[in-house]
Amino acid sequence: MPLNDVTPMPRRSSRCFAAIGSAVLGLLLGTAALAQDSLPQLDLDLPLRLDFSGSWEKDFGRSDNWEDELSRTLRVRQESAARQQSSPGSSRIPSAPPISIGNINLPRSRGRGANMVNLARLAEYISRQNTIEIKQTRDEIRIERSGEAALVCGVEYELQRTFESEHGVEVCGWDGQQLVFQIMLPDDLIIMHRFTVASNQQVLNLLTSVYSKGGDPFNLRLAFNKYQAPRDEFNCIQTLSRGQVCNQSGADLSDVLDN
Amino acid sequence: MLLARYRLNLRHFSTAMVLLVSACAQNIPEPPPRPLNLVGDVVLDQATQIPDEESLLEIGVQIFSSDGGEEDEYQIGDWVFDEIIQKETRFLPHLLKNTLVASNQWGAVRVIPESDPSLDLIVFGEIVQSDGKTLELEIRAIDSSGREWLNRVYADQVDQEEYPESTRFTLDNTFDANNFVEPFQDIYDRIANDLLSVRSTLDEQALVELNLVTDLLYARDLSPDSFAETLREDENGLLKLESLPAADDPMMARVADMKYRHHLFIDTVDEYYQTLYDDIQPAYVLWRRYSIDQIAEAETSRQEASQGNYGGSSGFLSLRQRYDRFKWSKIFEREFSDLAAGFNNELAPAFLELNSQVHGLSGTMEQQYREWRGILRRLFELENGELTTNASE
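None of the values given here were measured: they were computed from a predicted structure.

Cut-offs applied
- Residues numbered from 1 in each chain as written.
- Chains lettered and ligands numbered in written order.
- Predicted model: local features only at pLDDT ≥ 70, side-chain atom pairs only at ≥ 80, totals over all residues.
- Heavy atoms only, no water.
- Salt bridge = Lys/Arg side-chain N within 4 Å of Asp/Glu carboxyl O.
- Buried < 20%, exposed > 50% of the residue type's maximum accessible area, 1.4 Å probe, protein only.
- Helix = DSSP H or I, 4+ residues; strand = E, 2+ residues; numbered from the N terminus.
- 1 Å grid on protein atoms, 1.4 Å probe; cavity = no way out; pocket = protein on both sides within 12 Å on 5 of 7 lines; lining within 4 Å.
- Points joined across faces, edges and corners; volume = space filled by probe spheres on them.
- Contact = heavy atoms within 4.5 Å.
- Pairing = 2+ DSSP bridges.
- Disulfide = S-S within 2.5 Å.
- Patch = residues over 30% accessible without salt bridge, like charges linked within 9 Å, V, L, I, M, F, W, Y side chains within 5 Å.
- Areas by Shrake-Rupley, 256 points an atom, 1.4 Å probe, with all protein chains shown as cover.
- Lys, Arg positive; Asp, Glu negative; His and termini not counted.
- Charge placed at Lys NZ, Arg CZ, Asp CG, Glu CD.
- Axes fitted to C-alpha atoms, helices over the stretch in contact; angles between N-to-C directions.
- Parallel < 35°, antiparallel > 145°, perpendicular 65-115°, else oblique.
- Left-handed = near helix turned anticlockwise from the far one by under 90°.
- Polar contact = N/O pair within 3.5 Å; in protein donor to acceptor, adjacent residues only side chain to side chain.
- Expected span 1.5 Å × (residues − 1).

This part takes up the pattern of salt bridges. All told, the structure shown has 23 salt bridges over all chains when counted by the stated rule. The partner of A:Glu148 in a salt bridge is A:Arg145, and the shortest N-O contact between them spans 3.7 Å. The exposure class of A:Glu148 is buried, given its relative accessible area of 12%. Using a relative accessible area of 6% as the deciding quantity, one classes A:Arg145 as buried. The residue B:Arg110 makes a salt bridge to B:Asp267 at a minimum N-O spacing of 2.5 Å. Placement of the pair is B:Arg110 in strand E3 (residues 109-112) and B:Asp267 in helix H5 (residues 250-306), with a sequence separation of 157 residues. You can call B:Arg110 buried: its relative accessible area is 5%. Residue class for B:Asp267 comes out partly exposed when judged on its relative accessible area of 30%. Taken together, the salt bridges that share partners define one network made up of A:Asp64, A:Glu69, A:Arg72 and A:Arg221.

Scanning all chains against the criterion turns up five cavities of 30 Å³ or more. Forming the boundary of the largest cavity are A:Arg145, A:Glu148, A:Ala149, A:Leu151, A:Glu170, A:Ile183, B:Tyr323, B:Phe326, B:Lys327 and B:Lys330. Looking at the lining of the largest cavity, the element that brings in the most residues is helix H6 (residues 316-355) of chain B, giving four residues.

Our next topic: the side chain of A:Gln129. On the secondary structure map, A:Gln129 appears in the loop between helix H3 (116-125) and strand E2 (131-136). In contact with A:Gln129, other than residues within four places in its own chain, are A:Lys58, A:Arg145, A:Ser146, A:Glu148 and A:Phe224.

What follows concerns the pairing of strand E6 (residues 148-157) of chain B. All names here are of chain B. Of the strand pairs in this sheet, strand E5 (residues 134-143) and E6 are connected by nine bridges, and their pairing is antiparallel. Opposite alanine 141, over in E6, you have leucine 150 as the bridge partner. As consecutive antiparallel partners, E5 and E6 are separated by four residues, and within that stretch glycine 146 has a phi angle of approximately 100°, a positive value.

The next subject is the state of the cysteines. Residues and elements named next belong to chain A. This structure, assessed with the given rule, holds one disulfide over all chains. The disulfide partner of cysteine 153 is cysteine 172, and the gap between their sulfur atoms is 2.1 Å. On the sign convention where negative means left-handed, the S-S torsion of about 85° between cysteine 153 and cysteine 172 marks this disulfide as right-handed. On the criterion of sequence distance, the pair formed by cysteine 153 in strand E4 (residues 151-154) and cysteine 172 in strand E6 (residues 168-175) is long-range, its members being 19 residues apart.

There is a patch of like negative charges on the surface, built from B:Asp41, B:Asp159, B:Glu161 and B:Glu162. Considering the arrangement of structural elements, one finds B:Glu161 in the loop between E6 and helix H3 (185-200).

Moving on to the packing of helix H2 (residues 66-86) of chain A against H3(A). All names here are of chain A. The contact between H2 and H3 brings their axes to 10 Å, and the two run at 150°. By the angle between their directions, the pair H2 and H3 is classed as roughly antiparallel. In this structure, H2 meets H3 at a crossing whose hand is right-handed. When H2 is examined against H3, the residues Trp66, Leu70, Thr73, Leu74 and Arg77 are found in contact with a partner set consisting of Met116, Val117, Ala120, Arg121 and Glu124.

Residue and element names in this part refer to chain B. Structurally, glutamate 88 is set in helix H2 (residues 79-103). By relative accessible area, glutamate 88 is classed as buried at 2%. Engagement of the side chain of glutamate 88 in a polar contact is seen with the side chain of tyrosine 284, the distance being 2.4 Å. In this view, glutamate 88 contacts Pro93, Ile127, Ser130, Tyr284 and Arg288; residues no more than four positions away in its chain are not counted.

Residue and element names in this part refer to chain A. Burial runs high along strand E9 (residues 203-212): eight of the ten residues are buried. As paired elements, strand E8 (residues 189-197) and E9 share nine bridges and run antiparallel to each other. What sits directly across from threonine 196, in E9, is asparagine 205. Linkage of E8 to E9, two consecutive antiparallel strands, is achieved through a turn of five residues, within which glutamine 201 is found at a positive phi near 60°. Across eight bridges, the pairing between E9 and strand E10 (residues 218-227) is antiparallel. In the strand pairing of E10, valine 203 is matched with asparagine 225.

Moving on to helix H4 (residues 204-222) of chain B. In this model, H4(B) (19 residues) spans 28 Å end to end at C-alpha, consistent with the 27 Å of a helix rising 1.5 Å per residue. Those residues of H4(B) that sit buried are B:Leu207, B:Leu210, B:Val213, B:Thr214, B:Leu216, B:Leu217, B:Tyr218, B:Ala219 and B:Leu222.

Turning next to the sheet that holds strand E1 (residues 54-58) of chain A. Backbone hydrogen bonds are what pair the strands of a sheet, in a parallel or an antiparallel way. Residue and element names in this part refer to chain A. Spatially, E4-E3-E2-E1-E10-E9-E8-E7-E6-E5 is the arrangement adopted by the ten strands of the open sheet, whose pairing is antiparallel. The open sheet has two edge strands, E4 and strand E5 (160-165), and neither has a second partner. Ignoring which end each strand starts from, the neighbouring axes of this sheet average 20° apart. Where E5 meets E6, five bridges bridge the pair, whose relative direction is antiparallel. Looking at the pairing, arginine 161 lines up with valine 171 of E6. Lying on the sheet, H3 is in contact with E8, E9 and E10; it crosses E10 at an angle near 15°.

Printed below as a string of structure tokens:
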């Protein structure tokens, strides 16, 4: 199996593949080092991740329509309820988001969770962006969506707490080669984004699940195709007192900062 | 096969998570905020006439250190704020130095990159907390004999009103450095007054002896073998005079010459820190202004959240409100983090300049300082060798 295959792998397997990949890379680098001393150092403790980077646009044909998905979900639930009534011995498996991070001190109230229609509307509300911009380095992946704060995660194996405020907590982690972000909001409202990239790196899938008080989630699947975004004409750097300082791409910005 | 094993693992994973989610359902109250030892309003004790010569101790304010924060609380992107604290370790000592100079109570006061045996009193500081609202410093001051003058934590808190309107400068409203009063000035005034209180407990004899200890300590630093017997440590670990070289001792004349050259060097280093301070002050004050605005905003946001006005409703508008509040709190923090990065970008040339100042020496200012002391030591050995040869001839 190629290292960048999209098939999800259990964590141990992915580590194994990462280790094999690292060893092969290490061997290659070691051989190359004989010819050239100035190769960059590769941190073999960091796992290798699939390349999510690039500009992505929504493929409406292959993405869920939230209303159709809501209808389908409601129908499946009705059928499931009917089956349960006909065979009372069977019990429902409780659903839960995949990540738990312990106590997060967010307000909670009693009562039932939100109904499926409201969860579906929220899933649609938070998935309206038609384009996604992803930057990825050896250490970090940054997902930019218009109107939203960036989703940023490291490439490490461990669960990472990426943002925390009195309004919610965001964590991220890797499930095999899938990148998962989970946002925990007050009153046990949980939003999960699961990113998967195809082995040819031309298709990105995003599964957004919305949970309320441990009930069944509403899932919305979106597909994105890679596109070639136009190159930025300007090279900018953020400063405090002068805001963004820009010049034309390729030129050195240090002179601008000095002045 | 692989896929089947994955599904099995995922089921175990989910089951374990259900148990964890259930186990973590209880809310634990947040710990109360750490009490601060606030300095309050302080008036700097300024001398109206120059104190006696033996009281004019030479002070070095060493660049501060930082405690590095809590590892557990580290989030992605926090390195930006660590970088700011690192810059503050070089900026804040200058504010203390200026206060000590303004008090008119001391000899030369300099910001120094490392502890220096040629100075009577060294002030060390650690930044415990620093943002637009709160400054907390752990300060130690030790004289050349090893006597501890200060060892305590100082804290000060300010309001948004203490930042004048010119700190929100624009092209039309430029920063007025001359009339700007440092919001945390009380903390530096308190430290200066505390140092003065300790000095007032020392009589004339003790101050004269301290000056001599400094001279011999510096001589011992240049040539440990030649001056090994001049100082001894008493039962309290303090350095005491054991024997004094003759007044016309040629080696002591060389030491005085070296000390003069060394002080010219550290005066130059201090000037570079002064230039750095002048360069970055407007951006730093603006950064602090943003910081206190952000703290005020976060406090308002916290109060809103503690009022629990989500209503417990599970309607779409309520769900959307919860998501939007989270989203905006994250965007706001992101913008603040971008400003912090902007602050670091803006200051980078000034720090690069600082580290490339001393011609002929290389590395950071700290490395250049170490290199310079090594050069002086070798020079002293060389000159002293000539002196010994001439004497034997």
